[in-house]
Amino acid sequence: MTDENKEPHPMSRRFRGFLPVVVDVETAGFNPERDALLEVAAVLLTMDENGYLLRGETHVQQIDPFEGANLEQSALDFTGIDPWNPEREAVPEREGLSEIFTPIRKAVKAFDCKRAVLVGHNATFDHNFVFAAAMRADIKRNPFHPFSTFDTATLAGLAYGHTVLAQACKLAGIPFNNKEAHSAAYDAEKTADLFCGIVNRWKDLGGFPPPLIEEAE
């Protein structure tokens, strides 16, 4: 079978041509235009032969505060991040985001998708910081959809009746260590497990693929 005639990857059909990529950021505040982006993690997802989502590779970058960035001490105390610690091996926003975006673009192509869609717990927060940093860094090839996201806080409220990540994970049977939380990689991986679990549970319950609905005569 030639490349032109091959069947598209099932992942491309699951979310209308979008590839879900789980993202978590750690920041020095709540304002994406003013406050520093300090850490970003992206978790790629895969799909097995039966159509179930699985957590794949995790990519993490420590980010230097951009010039003139605000650093709220309360935010630094909450995350435990010292922006000036040389052991962070932090890099400028342009370099860090480019390293994150490259494997995402490759995954989009590998799964025959059109674009990545950001999955996050309270996804608007992560989406806004990623896009603000990409704009500052003048990155033209941002793989993410400019406004669509999948929010696991909303999905967890539907599936488990709880919107807090730690509690939703516990209700879903996913181990969660509060001492490791507020690391971008850890939170992104737990968010990925939660998202996969909800999507797969919906499949097991018969929710996807949806039943064919005949048009009314």
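As annotated in an unreviewed UniProt entry, the protein chain carries the name Ribonuclease T and is attributed to Marinobacter albus. Taken from UniProt, the Function (unreviewed entry) comment for the protein chain reads in full: "Trims short 3' overhangs of a variety of RNA species, leaving a one or two nucleotide 3' overhang. Responsible for the end-turnover of tRNA: specifically removes the terminal AMP residue from uncharged tRNA (tRNA-C-C-A). Also appears to be involved in tRNA biosynthesis." According to its UniProt record, the protein chain has this under Sequence similarities (unreviewed entry): "Belongs to the RNase T family."

Asker: For this particular structure, what's the right way to read the overall build of the protein chain?
Answerer: For the protein chain, the count of helices and strands is 7 helices and 5 strands. The order of helices and strands in the protein chain, counted from the N terminus, is α-β-β-β-α-α-β-α-β-α-α-α. For 217 residues, the compact-globule formula gives about 17 Å, and the C-alpha radius of gyration of the protein chain, at 18 Å, lands near that figure. Dimensions along the principal axes, computed over C-alpha positions, put the protein chain at roughly 65 × 40 × 35 Å. Across the 217 residues of the protein chain, 46% fall into the buried class. For the protein chain, the share of sequence-separated contacts (at least 6 apart) that also reach a separation of at least 24 residues comes to 69%. Element-wise, carbon and sulfur atoms account for 52% of the exposed surface of the protein chain, whose accessible area totals about 12000 Å². Positive and negative side-chain charges of the protein chain, numbering 21 and 33 respectively, have mean locations separated by a distance of 4 Å.

Asker: Which parts of the structure should I look at to understand unusual backbone geometry?
Answerer: Backbone phi values are negative for most residues with the exception of glycine, while trans is the configuration of most peptide bonds. Cis geometry marks the peptide bond from Phe208 to Pro209, where omega comes out at 0 degrees. Mapped onto the fold, Pro209 is located in the segment after α7 (184-204). We note that Arg16 has phi near 55 degrees; this positive angle belongs to a residue other than glycine. On the secondary structure map, Arg16 appears in the loop between α1 (10-14) and β1 (18-27). The backbone of Asp138 shows a phi angle near 55 degrees, a positive value even though the residue is not glycine.

Asker: I tried to follow the pairing of strand β4 (residues 115-120) on my own but got confused; where do I start?
Answerer: The side chains of a regular strand alternate, first on one face of the sheet and then on the other. When you tally the buried positions in β4, you get 5 out of 6 residues, the bulk of the element. In terms of strand pairing, β1 meets β4 through 5 bridges, oriented parallel. Looking across to β4, one finds that Leu19 is bridged to Ala116. Relative to strand β5 (residues 144-151), β4 is paired through 4 bridges, and the arrangement is parallel. Bridge pairing links Val119 to Phe150 in β5.

Asker: What's the story with helix α4 (residues 123-136) in this structure? I'm lost.
Answerer: An α-helical turn contains 3.6 residues, so a residue and the one three or four places further along point in the same direction. For α4, which comprises 14 residues, the first-to-last C-alpha distance of 20 Å matches the rise-based estimate of 20 Å (1.5 Å per residue) to within 8%. Here α4 has its buried residues at Ala123, Asp126, His127, Phe129, Val130, Phe131, Ala132, Ala133 and Ala134. Contact partners of the buried residues in α4: β1, β2 (37-47), α3 (93-110), β4 and β5. One or two residues past the end of α4 sits Asp138, with phi positive at roughly 55 degrees.

Parameters and conventions
Residues numbered from 1 in each chain as written. Predicted model: local features only at pLDDT ≥ 70, side-chain atom pairs only at ≥ 80, totals over all residues. Heavy atoms only, no water. UniProt positions renumbered as here; feature names shortened; annotations may be inferred. Helix = DSSP H or I, 4+ residues; strand = E, 2+ residues; numbered from the N terminus. Rg over C-alpha atoms; globule rule 2.2 N^0.38 Å. Buried < 20%, exposed > 50% of the residue type's maximum accessible area, 1.4 Å probe, protein only. Contact = heavy atoms within 4.5 Å. Areas by Shrake-Rupley, 256 points an atom, 1.4 Å probe, with all protein chains shown as cover. Lys, Arg positive; Asp, Glu negative; His and termini not counted. Charge placed at Lys NZ, Arg CZ, Asp CG, Glu CD. Pairing = 2+ DSSP bridges. Expected span 1.5 Å × (residues − 1).

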